[in-house]
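# Commentary on secondary and tertiary structure
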Amino acid sequence: MSVVIEGVVEHGDARGRLLGFPTANLRLPGGPEHDGVWAARVLVPELGTWPATVSVGTRPTYYAADAVRLAEAHLLDFDGDLYERTIRVELLHLLREQVACATSAELVELIRDDVTRTRAQLAPN
Ligand SMILES: Cc1cc2nc3c(=O)[nH]c(=O)nc-3n(C[C@H](O)[C@H](O)[C@H](O)COP(=O)(O)O)c2cc1C
């Protein structure tokens, strides 16, 4: 069974846009039980459903282990503003654990691969 997270999209620190992978961020109460990077589906009421690559956790590349836990959804082929909207995120396939990268460039390489794998996982047969 897949895990569903629902919440209001919050403002991030805009690094996602700098990295080339903008994300819709949801604050995630609770513990590390869903931590990791996921192939997912995101429902935006009144707009539609998008495949997404979703990162859940404390972002160890940039923050300490006791940092706030977020679900960050990068919607594939979506170009728009989701701030203040309620979205529904369905986590479908765990791709990997979040890791602490030495550089942002290294993280971008990983995310590129995550997106490729998401497209492969969610492609219709
Ligand atoms: C697909 C994906 C995978 C990610 N994987 C990691 C990771 O392994 N380690 C990490 O520290 N952050 C990871 N992140 C989180 C990025 O650090 C985060 O999106 C970036 O810092 C932008 O933050 P912002 O939305 O607050 O601007 C990932 C983000 C995405 C979208």
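Let us look at the structure shown here. (Residues numbered from 1 in each chain as written. Predicted model: local features only at pLDDT ≥ 70, side-chain atom pairs only at ≥ 80, totals over all residues. Heavy atoms only, no water.)

### Some words on the site of the ligand
By nearness alone, 22 residues border the ligand, and Asp13, Arg15, Arg59, Arg96 and Val99 come closest of all. Within the backbone of Thr61, a nitrogen or oxygen atom sits 2.9 Å from an oxygen atom of the ligand. Contact between the ligand and Glu72: an oxygen atom at 3.0 Å from a side-chain N or O atom of the residue. When isolated, the ligand has an accessible area of 630 Å², and the protein chains bury 99% of it. Counting only elements with at least two residues in the shell around the ligand, the list comes to helix H1 (15-19), strand E4 (48-57) and helix H2 (104-122). (Near = heavy atom within 4 Å. Polar contact = N/O pair within 3.5 Å; in protein donor to acceptor, adjacent residues only side chain to side chain. Areas by Shrake-Rupley, 256 points an atom, 1.4 Å probe, with all protein chains shown as cover. Helix = DSSP H or I, 4+ residues; strand = E, 2+ residues; numbered from the N terminus.)

### Re the sheet that holds strand E2 (residues 24-27)
Hydrogen bonds between backbone atoms are what pair the strands of a sheet, whose relative direction is either parallel or antiparallel. Spatially, the six strands line up as an open sheet ordered E1-E6-E3-E4-E5-E2, and their pairing is antiparallel. Either end of the sheet is taken by a strand with one partner, and the two such strands are strand E1 (3-8) and E2. Between one strand and the next, the sheet's axes are offset by a mean angle of 30°, whatever the strand orientation. The pairing of E2 with strand E5 (residues 70-75) spans four bridges and is classified as antiparallel. In the strand pairing of E5, Ala24 is matched with Ala73. Along the sheet face, H2 touches strand E3 (36-44), E4, E5 and strand E6 (86-96) and points at about 100° away from the line of E6. (Pairing = 2+ DSSP bridges. Axes fitted to C-alpha atoms, helices over the stretch in contact; angles between N-to-C directions. Contact = heavy atoms within 4.5 Å.)

### A word on the pairing of E4
Working note: regular strand, side chains alternate between the two faces of the sheet. Counting buried positions along E4 yields seven of 10 residues, so the element is predominantly enclosed. Alignment of E3 against E4, held across nine bridges, turns out to be antiparallel. In the strand pairing of E4, Val44 is matched with Gly48. Connecting the antiparallel pair E3 and E4 is a turn made up of three residues, with Glu46 showing a positive phi of about 75°. (Buried < 20%, exposed > 50% of the residue type's maximum accessible area, 1.4 Å probe, protein only.)

### Digging into the nonpolar core
Ranked by internal contacts, the top residues of the largest apolar core, which has 20 residues, are Val42, Val54, Leu75, Ile87, Val89 and Leu91. Mapped by element, the contributors of at least two residues to this core are E2, E3, E4, E5 and E6. Among all residues touching Val54, those that are not within four sequence positions of it are Gly36, Val37, Trp38, Ala40, Glu72, Ala73, Val89 and Leu91. Formed by eight residues, the second largest nonpolar core is a distinct cluster that contains Phe21, Cys101, Ile111 and Val115. (Core = buried A, V, L, I, M, F, W, Y, C linked by side-chain atoms within 4.5 Å.)

### Quick look at the pattern of salt bridges
Scanning the model with the defined rule gives seven salt bridges in all. In this structure, Arg59 and Glu72 form a salt bridge, with 3.7 Å as the shortest nitrogen-oxygen distance. In this pair, Arg59 sits in the loop between E4 and E5 while Glu72 sits in strand E5, placing the two residues 13 residues apart along the sequence. The same class applies to Arg59 as to Glu72, namely buried. (Salt bridge = Lys/Arg side-chain N within 4 Å of Asp/Glu carboxyl O.)

### So, the environment of Ala123
Turning to its location among the elements, Ala123 is positioned in the segment after H2. Expressed as a C-alpha distance, the spacing of Ala123 and Val108, which sit 15 residues apart in the sequence, is 23 Å.

### A short note on the side chain of Thr118
Tracing the sequence through the fold places Thr118 in helix H2. Take Thr118: its relative accessible area is 0%, and that puts it in the buried class. Setting aside its immediate chain neighbours within four residues, Thr118 contacts Trp38, Ala39, Ala52, Thr53, Leu76 and Leu95.

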